[in-house]
Amino acid sequence: MQKISTSPETSVFVIGPYNEPVARVRTGEKVTIETLDAFGNKITSPDDDITQIISLPFVNPLTGPIYVEGAEKGDTLVVTIHDINMTRDYGVSALIPDFGGLCGTVFTRTLQEPLPAKVMLHPINEKGIVFSENLKIPAIPYEPFYGTIGTAPEIEAISSLAPGFHGGNMDAADVCPGNKVFLPVNVPGAMFHIGDGHAAQGDGEVCGVATEIPTRGTLTFEVIKSKTIGTPRIESDRFLMAVGSARPMEDAARIAFYELILWLEQDFGIDRMTGYQLCSQVSRVRLANMVDIQYSVVAKFPKKYLP
């Protein structure tokens, strides 16, 4: 099995078509990929000053680009996530000044002082994630996923902090083991990128940081030829899902539902207006993130209602 390693020197901070591939994979090939955490594995103590360790825009390092043989513009890349394993025994969370869902940011300007920086380390064991030794609550379940996954746009190089039609930093907890992720192919080889492993995250990722971990994951790549999708899709045993990323948040939801209804029409023969009404009766929504450069919303359709 091919193993794709990473390091602070080889990680990238943009998803785009211009960097040389770090590896090439064949369709159907099972591959092991390593990723750093969102802070480049640099935080090792709750006493670390995160404002001195991270420097925007060099946050959220990714492994990639990975060239998928046979992928061409207009295809869809299908990524099956088999497993995600931690490569250390703790996760990191933080409060970052001028970043988060309930504070002033560079996009939401207020005159209040920035929130104070704070770092927490969360031990992870067979029982789950220990949020705090001082707060007597149950362990948080270990439910790993990739916060950032995407393919290169045709001409843009987009920050690893930003989600969009290419995928990117969606922070969608459904990008997890057992699920398939569908991504648009805009350039030869798709130029796949991945990173931002999370051991757990609440919907919305409200403070801007989940339980951040470095990972070693096993993935398989497939290509659907001549099938074009407008925004990332996800399939689990129970749901068809589409992800929309935009500001304001309602536009992210509109994108997600638009793509979901097109999927029902194109692949399952449900008339568009009928699908629109049906989604209004049975669909579910996950707010993936309310903190990034764009917000991300996941629209979900229960597969038991497919004809």
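For the structure given in this document, a descriptive report is provided here. (Residues numbered from 1 in each chain as written. Predicted model: local features only at pLDDT ≥ 70, side-chain atom pairs only at ≥ 80, totals over all residues. Heavy atoms only, no water.)

## Section: the overall build of the protein
Worth spelling out the cut-off: Segments assigned H or I by DSSP are reported as helices when at least four residues long, segments assigned E as strands when at least two residues long, and all are numbered from the N terminus. Our radius of gyration looks at C-alpha atoms and nothing else; its globule reference is 2.2 Å times the residue count to the power 0.38. Under the scheme applied here, a residue whose accessible area is under 20% of the maximum for its type counts as buried, over 50% as exposed, and between as partly exposed, the area being computed with a 1.4 Å probe on protein chains only.
On a plain count of helices and strands, the protein comes out with three helices and 21 strands. Relative to the compact-globule value of 19 Å for 307 residues, the protein shows a C-alpha radius of gyration of 19 Å, a close match. With the principal axes as the frame, the protein shows a C-alpha extent of 55 × 45 × 40 Å. Evaluated residue by residue, the protein yields a buried proportion of 54% over its 307 residues.

## Here's the deal with the pattern of salt bridges
The condition is simple: Here a salt bridge means any side-chain nitrogen of Lys or Arg lying within 4 Å of a carboxyl oxygen belonging to Asp or Glu.
Scanning the model with the defined rule gives 15 salt bridges in all. It is possible to trace a salt-bridge network through shared partners that takes in D174, D203, R286 and K300.

## Brief notes about the environment of Q281
Locating Q281 in the fold gives a position in helix α3 (residues 272-282). The exposure class of Q281 is exposed, given its relative accessible area of 61%.

## Here's the deal with the state of the cysteines
Selection criterion: The disulfide definition used here is simple: a pair of cysteine sulfur atoms within 2.5 Å.
In total, this model carries zero disulfides according to the counting rule given. C103 takes part in no disulfide bond, and the closest cysteine sulfur to it belongs to C207, at a distance of 9.2 Å. On the basis of relative accessible area, C103 is assigned to the buried category, the value being 17%.

## Observations regarding the pairing of strand β21 (residues 295-302)
How we decide: For two strands to be treated as a pair, DSSP must find at least two bridges joining them.
Of all eight residues in β21, eight are buried; the element is thus mostly enclosed. Burial of β21 is two-sided: the residues Y295, V297, A299 and F301 facing one way and the residues S296, V298, K300 and P302 facing the other way are all buried. Relative to β21, strand β20 (residues 284-289) runs antiparallel, the two being bridged by five bridges. Residue pairing across strands places N289 opposite S296, the latter belonging to β21.

## A word on a nonpolar patch on the surface
Applicable threshold: Nonpolar side chains (Val, Leu, Ile, Met, Phe, Trp, Tyr) are joined into patches within 5 Å and like charges within 9 Å, using only residues with over 30% relative accessible area and no salt bridge. A 1.4 Å probe and the Shrake-Rupley method give the accessible areas. Residues count as covered only by the protein chains that appear here.
A surface patch of nonpolar side chains, amounting to about 280 Å² of accessible area, comprises V106, F107 and I293. Relative to the assigned elements, V106 resides in the loop between β7 (90-95) and β8 (118-125).

## Here's the deal with unusual backbone geometry
Going from L56 to P57, the amide bond is cis rather than trans, its omega being 5°. Here P57 lies in the loop between α1 (50-53) and β5 (62-68). Note the cis peptide between G64 and P65, where omega equals -5°. Looking at the element boundaries, P65 is found in strand β5. For N60, which is not glycine, the phi dihedral falls at a positive 70°. Within the element layout of this structure, N60 appears in the loop between α1 and β5.

## Focus on the sheet that holds strand β18 (residues 233-235)
This is how the line gets drawn: Comment: axis = line fitted to C-alpha atoms, over the contacting stretch for helices; angle = value between 0 and 180 degrees taken between N-to-C directions. Every residue pair with non-hydrogen atoms within 4.5 Å of one another is taken to be in contact.
Strand order in the open sheet formed by nine strands is β1-β4-β17-β6-β14-β18-β19-β21-β20, and the pairing between neighbours is mixed. Only two strands of the sheet have a single neighbouring strand rather than two, namely β1 (2-4) and β20. Looking at each pair of strands side by side, their axes are set apart by 25° on average, direction ignored. Packed on one face of the sheet, helix α2 (residues 249-268) meets β14 (180-184), β18, β19 (239-246), β20 and β21 and runs near 145° to β19.

## A look at the packing of aromatic side chains
To keep things clear, this is the line we draw: What counts as a ring pair is set by centres within 6.5 Å for rings of Phe, Tyr and Trp (its six-membered ring), and what kind of pair is set by the plane angle: stacked under 30 degrees, edge-to-face over 60, tilted for all other angles.
Going through the model one piece at a time under the given rule, you end up with three aromatic pairs. Between the aromatic rings of F13 and F58, the centroid separation amounts to 5.5 Å while the plane-to-plane angle is 85°, which identifies the pairing as edge-to-face. Here F13 is found in the loop between β1 and β2 (14-15), whereas its partner F58 is found in the loop between α1 and β5, with 45 residues between them in sequence. Given a relative accessible area of 54%, F58 falls into the exposed group. Ring centres of F182 and W263 lie 5.7 Å apart, and the angle between their planes is 65°; this geometry places the pair in the edge-to-face category.

## Some words on the environment of C176
Tracing the backbone through its elements, the reader meets C176 in the loop between β13 (167-168) and β14. Along the primary structure C176 and N60 are separated by 116 residues, whereas in three dimensions their C-alpha atoms are 18 Å apart. Those residues in contact with C176 that sit more than four places away from it in its chain are I81, P144 and F145.

## So, the nonpolar core
The condition that has to hold: Take the buried residues of types Ala, Val, Leu, Ile, Met, Phe, Trp, Tyr and Cys, join any two whose side-chain atoms come within 4.5 Å, and each joined set is a nonpolar core.
The biggest cluster of nonpolar side chains holds 32 residues, and the ones touching the most others in it are I33, L77, I149, F192 and F221. The biggest single contributor to this core is strand β6 (residues 76-86), with four residues. Those residues in contact with L77, other than ones at most four positions away along the chain, are V68, T151, V181, F182, L183, V185, A190, F192, F221, E222 and V223. Residues F182, A256, W263 and L264 belong to the second largest nonpolar core, which totals 16 residues.

This is a description of form; function is not addressed.
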